[in-house]
4 protein chains.
Amino acid sequence: MSGTFKENDLVLLVYDKKRRWIKKITDKAFHTNYGHVNLMELIGLPLGSSLQTNKGKWIKATLPTLLDWFDFFEHKSQIIYAKDAAMISLLLDAKPGDKIYEAGTGSGALTSLLARAVGDSGSIVTHENRDDAQKVAIKNVEKLGLTNIEFISCNVIEDGFAEGEADSIILDMGDPWLAIPRVMDILKIGGRIVLFIPTFQQLEKAHDALEENQFKGIRTIELIEREIQMKKHAYRPSTRMIGHTGYLMSATYHPLVKDKEIVD
Amino acid sequence: MSGTFKENDLVLLVYDKKRRWIKKITDKAFHTNYGHVNLMELIGLPLGSSLQTNKGKWIKATLPTLLDWFDFFEHKSQIIYAKDAAMISLLLDAKPGDKIYEAGTGSGALTSLLARAVGDSGSIVTHENRDDAQKVAIKNVEKLGLTNIEFISCNVIEDGFAEGEADSIILDMGDPWLAIPRVMDILKIGGRIVLFIPTFQQLEKAHDALEENQFKGIRTIELIEREIQMKKHAYRPSTRMIGHTGYLMSATYHPLVKDKEIVD
Amino acid sequence: MSGTFKENDLVLLVYDKKRRWIKKITDKAFHTNYGHVNLMELIGLPLGSSLQTNKGKWIKATLPTLLDWFDFFEHKSQIIYAKDAAMISLLLDAKPGDKIYEAGTGSGALTSLLARAVGDSGSIVTHENRDDAQKVAIKNVEKLGLTNIEFISCNVIEDGFAEGEADSIILDMGDPWLAIPRVMDILKIGGRIVLFIPTFQQLEKAHDALEENQFKGIRTIELIEREIQMKKHAYRPSTRMIGHTGYLMSATYHPLVKDKEIVD
Amino acid sequence: MSGTFKENDLVLLVYDKKRRWIKKITDKAFHTNYGHVNLMELIGLPLGSSLQTNKGKWIKATLPTLLDWFDFFEHKSQIIYAKDAAMISLLLDAKPGDKIYEAGTGSGALTSLLARAVGDSGSIVTHENRDDAQKVAIKNVEKLGLTNIEFISCNVIEDGFAEGEADSIILDMGDPWLAIPRVMDILKIGGRIVLFIPTFQQLEKAHDALEENQFKGIRTIELIEREIQMKKHAYRPSTRMIGHTGYLMSATYHPLVKDKEIVD
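Residues numbered from 1 in each chain as written. Chains lettered and ligands numbered in written order. Predicted model: local features only at pLDDT ≥ 70, side-chain atom pairs only at ≥ 80, totals over all residues. Heavy atoms only, no water.

**Re the domain arrangement of chain A**
All names here are of chain A.
Part 1: One can read the domain layout of chain A as domain 1 (10–64) and domain 2 (68–261).
Part 2: Inter-centroid distance (C-alpha atoms) of domain 1 to domain 2 is 34 Å.
Part 3: In this assembly, 7 residues from domain 1 lie in contact with 5 residues from domain 2.
Part 4: Summing both partners gives a buried area of about 550 Å² for domain 1 against domain 2, and 66% of it is carried by carbon and sulfur.
Part 5: Ranking the residues of domain 1 by area buried against domain 2 places R20, I22 and P64 at the top, with a combined share of 72%.
Part 6: For the interface between domain 1 and domain 2, the tally reads 2 salt bridges. (Domains from an automatic or database assignment. Contact = heavy atoms within 4.5 Å. Buried area = accessible area lost by both parts, 1.4 Å probe. Salt bridge = Lys/Arg side-chain N within 4 Å of Asp/Glu carboxyl O.)

**Focus: the sheet that holds strand β1 (residues 10–14) of chain B**
By definition, the strands of a sheet pair up through backbone hydrogen bonds, in either a parallel or an antiparallel sense.
Residues and elements named next belong to chain B.
Part 1: Read from one edge of the open sheet, 4 strands run β2-β1-β6-β5, paired in antiparallel fashion. In the strand order of this sheet, the two ends are held by β2 (20–24) and β5 (50–52), each with one partner. Sheet twist, expressed as the mean angle between neighbouring strand axes with direction ignored, is 30°.
Part 2: Here 3 bridges tie β5 to strand β6 (residues 58–62), and the two strands are oriented antiparallel to one another. Each bridged residue has a counterpart across the sheet, and for L51 the counterpart in β6 is I59. (Pairing = 2+ DSSP bridges. Helix = DSSP H or I, 4+ residues; strand = E, 2+ residues; numbered from the N terminus. Axes fitted to C-alpha atoms, helices over the stretch in contact; angles between N-to-C directions.)

**Brief notes about the interface of chain C and chain D**
Part 1: Counting residues at the interface gives 69 residues for chain C, matched by 70 residues for chain D.
Part 2: Together, the buried faces of chain C and chain D total about 6200 Å²; carbon and sulfur atoms form 63% of this surface.
Part 3: The interface formed by chain C and chain D contains 6 salt bridges.
Part 4: Its salt-bridge partner being D93 of chain C, residue R116 of chain D comes within 2.9 Å of it at the nearest N-O pair.
Part 5: Put simply, chain C and chain D have 23 residue pairs in polar contact (both at pLDDT 80 or more) between them.
Part 6: Top element by residues in the side of chain C that touches chain D is strand β12 (residues 215–231) of chain C. It accounts for 12 residues. (Polar contact = N/O pair within 3.5 Å; in protein donor to acceptor, adjacent residues only side chain to side chain.)

**Regarding the relation of the copies chain C and chain D**
Part 1: Superposing chain C onto chain D requires a rotation of 180° together with a translation of 0.0 Å along the rotation axis, leaving an RMSD of 0.0 Å. The superposition of one copy onto the other is thereby described by a two-fold rotation axis.
Part 2: Of the interface residues in chain C, 99% have counterparts in chain D that sit at the interface too, so the contact is made through matching surfaces. (Least-squares fit on C-alpha atoms with pLDDT ≥ 70 in both.)

If you want it as structure tokens, here you go:
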């Protein structure tokens, strides 16, 4: 049922749990250790179809999800974890039509997630001061066909943000508190901000900068993900897990309007 | 900067952290313990403006975020936590244009989040067998102005799902394993499924039902949210926290197509 | 089998999970809402025997464990959690014959646990600067019949520790880093120290004080206890849990001996 | 201050955090990659003294703590974690004079901790059905000089426990529920039991076996240890952590005495 493959589709090819690739459907043969296939044969077949290699092995083809894409993102530093990216999107209240500012771009994973959340009527303006990271992010993101992302090459602490008005803003960068005074140039009143903060020492600096700059409702959470290992009749949390990624500090920009203030 | 209030807007009114209301801008006076205000005065004012009550207190007005809305949702049972709702949306690969099936509706919080994620070009078909819960959910959701949700009153285990084709499906219901054989009637190949599962004993049944029905890549995680209390110079995780909500089991529907199977 | 009750034994009397008391076997009638019993009837009966009240209800009698005692400890501030007390004892390498210094005494719970661990051949020297807390602790501890505890009323930051030599030392007090320079007066070389530290901001101060005072192998852990609720066929972590108690920072006192230092 | 080294002492030799050894003070030269030392030179020197190798490097000597010993224990399977061992000891109410039964012995780490807790007036009777594990445990334990441990080679499910009366009992073995009916032969009334249980599926079987065999106050907890990484001005929980070891289920043996029962 549902769709079929078309030429130039980017497809997730699966041999087994570990052997997975994302490839475009073109007339170039696709070679693996298990033999090669002609991806053009997928055209017109239903999603989820399999192709047989010349060595008699089967390879299944589907469309990649965003999380599949993340597995294939090239990255210079640690890619943001899915649990954090999903929650950041909600804390930013990201929705179709929003214009979201981001500093820094990193591998572009969070950028992609937000770009998809704001849809064609919205856009992401993402700032990065490391050119090599930005290049990688652009390469990662363009594969997804997202066209609503503007990449800015700058240091927001020194240069400020690109001109415009942001519905919300995410700071995933070193010393984010130094960027907060710049945020007021672009964040609309009532707009949401999220800071991704790895260490204890950074929390107080970030909190104080938000408070001094008229943000309200400052709240910090940490999400811990525990995987459940499902070996037959012996389910249990995995023996090894990621112990820490970072804290998510969020707030709303509520500056004085007409000299009337609320208590927080 | 940015927008101003208009008549009939639903606005979040904030006196302090605990005294918050969502009200429509009409010519009815809004009464609080701190005096009353005329919300019509907000019209034309910038978002984030404040009104003074007849008792001289100030009340700030903004547009509510989705998380603000959740705080005001009426609910018959426990509302889904933000951390879980956000991750479920990502695990479902929810995106503009998707058609997502849900069983059951609950308070409508996750329904709303997904409806916003799929946008006007997508839709949510949500099933609930408790009429009182459904009524509450409809009431909750219509305040948000979401028009892309179809409410179905039925027991999916006995009656199956509404006809159609789903890009993905979320089961947040008792005995979800009993609904899995019905899922194949509506879920497209390569579609994602997520099950919200509170107890240990349910995990194995759910896993086995997925495995028997040709789902692949079954994975179960748990998200634990820890709030950081930020008392001046004395930051620490909160003394009390929510210890458990539920497990998120996810998988992809990969049935045999043309008798070729992949190893998982 | 095994022992029988004797006059003046302190016994744990259990009506149900919540109605529990610790009482001494004397000829005074013991009154409850479920009737009264004569505890002298227990004398000579096996541990675990039950007495019938004059209202026909049964009350079971056993000897209390240390954890039972903790439930009945009077306390001015939060009593230390079992998980932390047990680990502190191990981190201190507490064993029969040890002399352990403690600041502050608190409710006396950890003091009791350590006193029992060092046995009759060892001793605990515990310091407390709040007289009301000390009084309560003495009252708590003497019920257990522990005779190897010395209670010192002093502020260790200003007054230093009681004279003597400690095998190990536990600091559970405000600003523990200020007490560390005093520790060297009493802690033997190679002795272990543990600091109980509630907040993020205190960690760095404590760490630096240890490092400056020739402690090695500084390590900080946090123990999180999750209770499993075992409702029939529906086991799951409890919905509510204690989110945070404090960090356990531990180290070994390894000052320069004969001007030769090790790298840590 | 305090003690000095004597011939035949087992000493912890530390070059740096990773290069550590436990050796006996004899006239055999001790060779390392950093040169060799004559341990006899330690005799009469204070604990914490350093020796210089023939290559001019310094090696520090102290007495090992129990946790140091655990690092050097040979083991056939995963050694019990310190957090669990410490809590088990408290849940068992282990104290000087107690006689504790254990099945199985494993590497002997928990056995050692309990042996030290019960002191010379108490004893541990530990059962193991794998001869190779038992041999290793005996070797591990005898280095510590503990003389109050009895090693039994048997399968407690089939053979039952060694004759005698136990103050408490710890089961760290496969299918512990099958051993519970045997526990009543040896556990005194009011005695404590702890079961170490790795998986979800085992919890219900263990709980039901305890309940059917007149144990009361059944409680299950999990301890999660999080290490704090203390890099200068950048403290944070470690990126990687142990995600799961096992659950600790504990209860008290409260059989009917004279046909009178308590409600739990």
